[in-house]
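The primary structure of each chain is shown beneath.
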2 protein chains.
Amino acid sequence: MHLFVFSPLSASARTHLYQQLPTNVEATFCSDLPVDQQFSAFQEAEVLLGNPPAAWLTAGTPPLLRFWQIDSAGFERYRHVRLPIPVANMGDFFAWPCAETMVGGLLALYRHLPELAVLQSQKKWVGGAHVRNRAGLLRGKRVVILGAGAIGLAVRQQLTGFECWVQLLARTHPEAALRSKEDLKAALPDTDIVINCLPGSAEGFFSADLVAAMRPGSIYASVGRGNTTDEPALLKLLQAGYLGGAVLDVTAIEPLPADSPLWTLPNVLLTQHTGGGQALEDESKVDVLLRNLELLRTGQPLENLVELSRGY
Amino acid sequence: MHLFVFSPLSASARTHLYQQLPTNVEATFCSDLPVDQQFSAFQEAEVLLGNPPAAWLTAGTPPLLRFWQIDSAGFERYRHVRLPIPVANMGDFFAWPCAETMVGGLLALYRHLPELAVLQSQKKWVGGAHVRNRAGLLRGKRVVILGAGAIGLAVRQQLTGFECWVQLLARTHPEAALRSKEDLKAALPDTDIVINCLPGSAEGFFSADLVAAMRPGSIYASVGRGNTTDEPALLKLLQAGYLGGAVLDVTAIEPLPADSPLWTLPNVLLTQHTGGGQALEDESKVDVLLRNLELLRTGQPLENLVELSRGY
């Protein structure tokens, strides 16, 4: 069987793949090929790992392709693609680290850890008095989580021990207390923290009127996609000191432009799209592929299938 | 009734006290008096708020004193004092913020938030790749909490949602899995995180042999007292890269000397004894006093009594 690896795997993950790959599978790495041979090699794939340009797929499914393992959680760029084979993504693989960055970022904001880290880098001891009277607590906060996917549910789980009152916003999830923008707008004046875990398909969801409905002093955190937040509206209320702060793993433009005021706003923590990261990330992606290959071989249902398949 | 306030309360907390104080209580603020009149005013106290020099108390209990409200959690400096009246401390008032600084600090370390905060202060975008492959997770870690007092129990509660395996070390607490230094030493090779929540009376408890028994790559966090850790031994194993990192709210000497290597060690977060802090801290201390005054007035058991009383 012919595996085409589009993912730019680390050297150690490549070794890991070679060590684990069944003997009947032969791997071709896209990055090893001259550019003008990549597309034709792709067309010979029986299994595909990674996220090639959408145009490669809309040009026609490779005739021998049996399975496509996307190597990310999101797959918006393929939303118009439909293939007659099983397609899987990384499922909740990125969810838990994203959620830890959110909960860690919120605690960091309340406990002024970013400020203390910068002071440490300057070897400046300010002592308790300078920070203590401004420090807050996550304890008992009223939280709304936007999105009840894997990330939103991981955030909810991690908040278990902090005595927070947590509501999920999602159109159809059975445990969602909030179902619509109207529900959300009504809840925001009594909400201390909003955590955006929405996919890119929810473009513009957290609009200016929702930002404006937030409670004075409340905190906005986002690990969704930058395009789901009205960033100019958010920025305005952060600059005005109306909002209490923000933890932003994503922004509308990445890298964040050097002239963005977000860089220097107090009580804003920028985590630079590191949320999904964890050590041995590429190795773990390989493991997800290998598990699905084994399920495919033994005729069992694959894990983390997504809705890019038709008629198989 | 005569209340002597030794605590250096903020102006707003003083206003708060005046607004809430029963009409039959008259307050004298130590800091308002010339130094040579302070001790004699103290001797007229019927109620005392705050932590005067131990010598003031060993010189003889003020004859009219009925109740002493200590304004801290710790009271080591009074360990030789015994008074024939009820004495209370701030109980778990400082516990929850200390615990949030510990759990937030651990998440910050795993998610590289201090590094990201420093990069943000330099307006440097490094993007995910630079950090993601080094990021870790709190999820599922094996944790030992030293001390089963209010802080240790708050840390345990906050870890509830992270799928950690948590063991308490305490001589007598019914839920402690580890009872002695020997138990601890045997557990350390299988422990990912040690969180020191010990009082100052446990001087030198986490000794060099325990530091050396820690697992390679494991993390040490301390919000106890600086004197409970063998800091040179800890420093040595951090510098050697043997340990994975540290979150230190307390150090042996505070302010930390400018030439301490701790300032610049990677994966060490110094929170500068801010752990117990929260906004309206002085107001909350006043509230603890007022609650105990009301309990005293109505003959009910006081809250947060400590063992500095005899024969009442």
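Residues numbered from 1 in each chain as written. Chains lettered and ligands numbered in written order. Predicted model: local features only at pLDDT ≥ 70, side-chain atom pairs only at ≥ 80, totals over all residues. Heavy atoms only, no water.

K.L.:
Before we go on, may I ask you to explain the interface of chain A and chain B in this structure?
P.N.:
Buried accessible area, meaning the area lost when the parts come together, often serves as the stated size of an interface. Taken together, the contact between chain A and chain B spans 61 residues of the former and 61 residues of the latter. Taking both sides of the interface into account, the surface hidden between chain A and chain B amounts to around 5200 Å²; carbon and sulfur atoms contribute 59%. For the interface between chain A and chain B, the tally reads two salt bridges. B:Glu281 is the partner of A:Arg132 in a salt bridge, and the nearest nitrogen-oxygen pair spans 3.2 Å. Linking chain A with chain B are 31 residue pairs in polar contact (both at pLDDT 80 or more). Elements that contribute at least two residues to the side of chain A that touches chain B include exactly helix 4 (95–110), helix 5 (113–121), helix 6 (127–132), helix 7 (150–158) and strand 11 (268–270) of chain A. The element that contributes the greatest number of residues to the side of chain A that touches chain B is helix 4 of chain A, accounting for nine residues. (Contact = heavy atoms within 4.5 Å. Buried area = accessible area lost by both parts, 1.4 Å probe. Salt bridge = Lys/Arg side-chain N within 4 Å of Asp/Glu carboxyl O. Polar contact = N/O pair within 3.5 Å; in protein donor to acceptor, adjacent residues only side chain to side chain. Helix = DSSP H or I, 4+ residues; strand = E, 2+ residues; numbered from the N terminus.)

K.L.:
When you look at the sheet that holds strand 7 (residues 165–169) of chain A in this model, what are you seeing that I'm missing?
P.N.:
Pairing between the strands of a sheet is mediated by backbone hydrogen bonds and can be parallel or antiparallel. All names here are of chain A. Read across the sheet, six strands follow the order 7-6-8-9-10-11 without closing on themselves; strand pairing throughout is parallel. Both edges of this open sheet fall to strand 7 and strand 11, since each of them pairs with a single strand only. Within the sheet, the average angular offset between the axes of one strand and its neighbour, ignoring direction, is 15°. Packed onto the sheet, helix 7 meets strand 6 (142–146), strand 7 and strand 8 (193–196) and runs at close to 175° relative to strand 7. (Pairing = 2+ DSSP bridges. Axes fitted to C-alpha atoms, helices over the stretch in contact; angles between N-to-C directions.)

K.L.:
Just checking my understanding: could you explain helix 1 (residues 11–20) of chain B for this structure?
P.N.:
Counting along an α-helix, one turn takes 3.6 residues, and residues three or four places apart therefore face a common direction. Residue and element names in this part refer to chain B. Considered for burial, the residues of helix 1 that qualify are Ala13, His16 and Leu17. End-on, the buried residues of helix 1 take up no more than an arc of 100°, which puts them together on one face. With respect to the buried face of helix 1, the exposed residues turned more than 90 degrees away are Ala11 and Gln19. (Buried < 20%, exposed > 50% of the residue type's maximum accessible area, 1.4 Å probe, protein only. Arc of directions from axis to C-beta.)

K.L.:
Could you clarify how one ought to interpret the state of the cysteines in this entry?
P.N.:
One covalent bond between the sulfur atoms of two cysteine residues makes up a disulfide. Residues and elements named next belong to chain B. Counted by the stated rule, this structure contains zero disulfides over all chains. Here Cys98 stays unpaired: no disulfide links it, and the sulfur of Cys197, its closest cysteine neighbor, is 8.3 Å away. Given the relative accessible area of 7%, Cys98 is considered buried. (Disulfide = S-S within 2.5 Å.)

K.L.:
I would appreciate a short explanation of the relation of the copies chain A and chain B in the present structure.
P.N.:
Copies of the same chain, two in number, are related to each other by a rotation about an axis and a translation along it. The operation relating chain A to chain B is a screw motion whose rotation component is 180°, with 0.0 Å of axial translation and a residual RMSD of 0.2 Å. Between the two chains, the operation in question is that of a two-fold axis. Mapped onto chain B, 100% of the interface residues of chain A are again interface residues, and the two copies thus contact each other with one and the same surface. (Least-squares fit on C-alpha atoms with pLDDT ≥ 70 in both.)

K.L.:
Even after reading the chapter, I still don't get the pairing of strand 7 (residues 165–169) of chain B, so can you show me in this structure?
P.N.:
Successive side chains on a regular strand alternate, one facing one side of the sheet and the next facing the other. Residue and element names in this part refer to chain B. Bridging between strand 6 (residues 142–146) and strand 7 involves five bridges; their strand directions are parallel. Residue pairing for strand 7: Val143 is matched across the bridge by Val166. Each parallel crossover has a hand, and the one from strand 6 via helix 7 (residues 150–158) to strand 7 is right-handed. (Right-handed = clockwise from strand over helix to strand, strands pointing away.)

K.L.:
Would you take a moment to explain the pattern of salt bridges for this structure?
P.N.:
Pairing between side chains of opposite charge can happen when the charged atoms of each approach one another. Scanning all chains against the criterion turns up 22 salt bridges over all chains. Between B:Arg215 and B:Asp192 there is a salt bridge, with the nearest N and O atoms lying 3.9 Å from each other. Residue B:Arg215 is found in the loop between helix 9 (208–213) and strand 9 (219–222), and its partner B:Asp192 is found in the loop between helix 8 (181–187) and strand 8 (193–196); the two are separated by 23 residues along the sequence. In this structure B:Asp192 comes out as buried when scored by relative accessible area, which is 15%. Within the structure, one salt-bridge network assembled from shared partners comprises A:Arg142, A:Asp192 and A:Arg215.

K.L.:
What is the right way to look at unusual backbone geometry in this model?
P.N.:
Peptide bonds are mostly trans, and most non-glycine residues show a negative phi. Going from A:Glu254 to A:Pro255, the amide bond is cis rather than trans, its omega being -5°. Inspection of the secondary structure puts A:Pro255 in the loop between strand 10 (245–248) and strand 11. A positive phi angle is found at A:Glu163, which is not glycine, with a value near 60°. Here A:Glu163 is to be found in the loop between helix 7 and strand 7. A positive phi angle, close to 60°, is found at B:Leu280, a residue other than glycine. Topologically, B:Leu280 is positioned in the loop between strand 11 (268–270) and helix 11 (281–297).

K.L.:
Explanation requested: the sheet that holds strand 2 (residues 26–29) of chain A in the structure shown.
P.N.:
Residue and element names in this part refer to chain A. Spatially, 2-1-3-4-5 is the arrangement adopted by the five strands of the open sheet, whose pairing is parallel. Of all the strands in the sheet, just strand 2 and strand 5 (87–88) have a single pairing partner and so form its edges. When strand 1 (residues 2–5) meets strand 3 (residues 47–49), the two strands line up parallel, connected through three bridges. Paired with Val5 across the bridge in strand 3 is Leu49. Running over the sheet, helix 11 (residues 281–297) touches strand 1, strand 3, strand 4 (67–69) and strand 5 and is turned about 160° from strand 4.

K.L.:
What's the story with the packing of aromatic side chains in this structure? I'm lost.
P.N.:
The description of an aromatic ring pair uses the distance of the two centres, along with the angle that the planes make with each other. Inspection of the entire model under this criterion finds 18 aromatic pairs over all chains. For the ring pair A:Trp68 and A:Tyr78, a centre distance of 4.8 Å and an interplane angle of 80° mean the geometry is edge-to-face. A residue pair is termed long-range when its members are at least 10 positions apart, and A:Trp68 in strand 4 and A:Tyr78 in the loop between strand 4 and strand 5 qualify at 10 residues. By the burial criterion, A:Trp68 is buried, and A:Tyr78 matches it. Aromatic side chains B:Phe39 and B:Trp56 sit 5.5 Å apart centroid to centroid with 70° between the ring planes, which places their arrangement in the edge-to-face category. One end of the pair, B:Phe39, is in helix 2 (residues 35–42); the other, B:Trp56, is in helix 3 (residues 54–58), and 17 residues separate them in sequence. Overall, the relative accessible area of 30% leaves B:Phe39 in the partly exposed class. Within the aromatic cluster, the residues linked to one another by ring pairs are A:Phe4, A:Phe6, A:Phe39, A:Phe42 and A:Trp56. (Phe/Tyr/Trp six-rings, centres within 6.5 Å; stacked < 30°, edge-to-face > 60°.)

K.L.:
Even after reading the chapter, I still don't get the packing of helix 1 (residues 11–20) of chain A against helix 11 of chain A, so can you show me in this structure?
P.N.:
Any two packed helices are characterised by the angle at which their axes cross and by the distance between the axes. Residues and elements named next belong to chain A. Contact geometry for helix 1 and helix 11: axes closest at 8 Å, N-to-C directions at 25°. Taken together, the axis directions place helix 1 and helix 11 in an arrangement best described as roughly parallel. Crossing of helix 1 over helix 11 shows right-handed handedness. Residue-level contacts link Ser12, Ala13, His16, Leu17 and Gln20 of helix 1 to Asp282, Glu283, Val286, Asp287, Leu289 and Leu290 of helix 11. (Parallel < 35°, antiparallel > 145°, perpendicular 65-115°, else oblique. Left-handed = near helix turned anticlockwise from the far one by under 90°.)

K.L.:
What am I meant to see in the environment of A:Val223 here?
P.N.:
Residue and element names in this part refer to chain A. Take Val223: it is sitting in the loop between strand 9 (219–222) and helix 10 (231–239). Sequence separation between Val223 and Ala55 is 168 residues; the distance between their C-alpha atoms is 28 Å. Those residues in contact with Val223, other than ones at most four positions away along the chain, are Cys98, Met102, Ile151, Asn196, Cys197, Asp249 and Val250.

K.L.:
Explain the packing of helix 4 (residues 95–110) of chain B against helix 7 of chain B to me, please; I cannot follow it from the model alone.
P.N.:
Residues and elements named next belong to chain B. Axis separation between helix 4 and helix 7 bottoms out at 8 Å; the angle between their running directions is 50°. As judged from the angle between their axes, helix 4 and helix 7 are oblique. When you trace helix 4 past helix 7, the crossing you get is right-handed. Only Ala150, Ile151, Ala154, Val155, Gln157 and Gln158 of helix 7 make contact with helix 4, whose side of the interface consists of Ala95, Trp96, Cys98, Ala99, Glu100, Met102 and Val103. Across the contact of helix 4 with helix 7, the residue classes break down as 10 nonpolar, two polar and one charged. (Nonpolar A, V, L, I, M, F, W, Y, C, P; charged D, E, K, R; others polar.)

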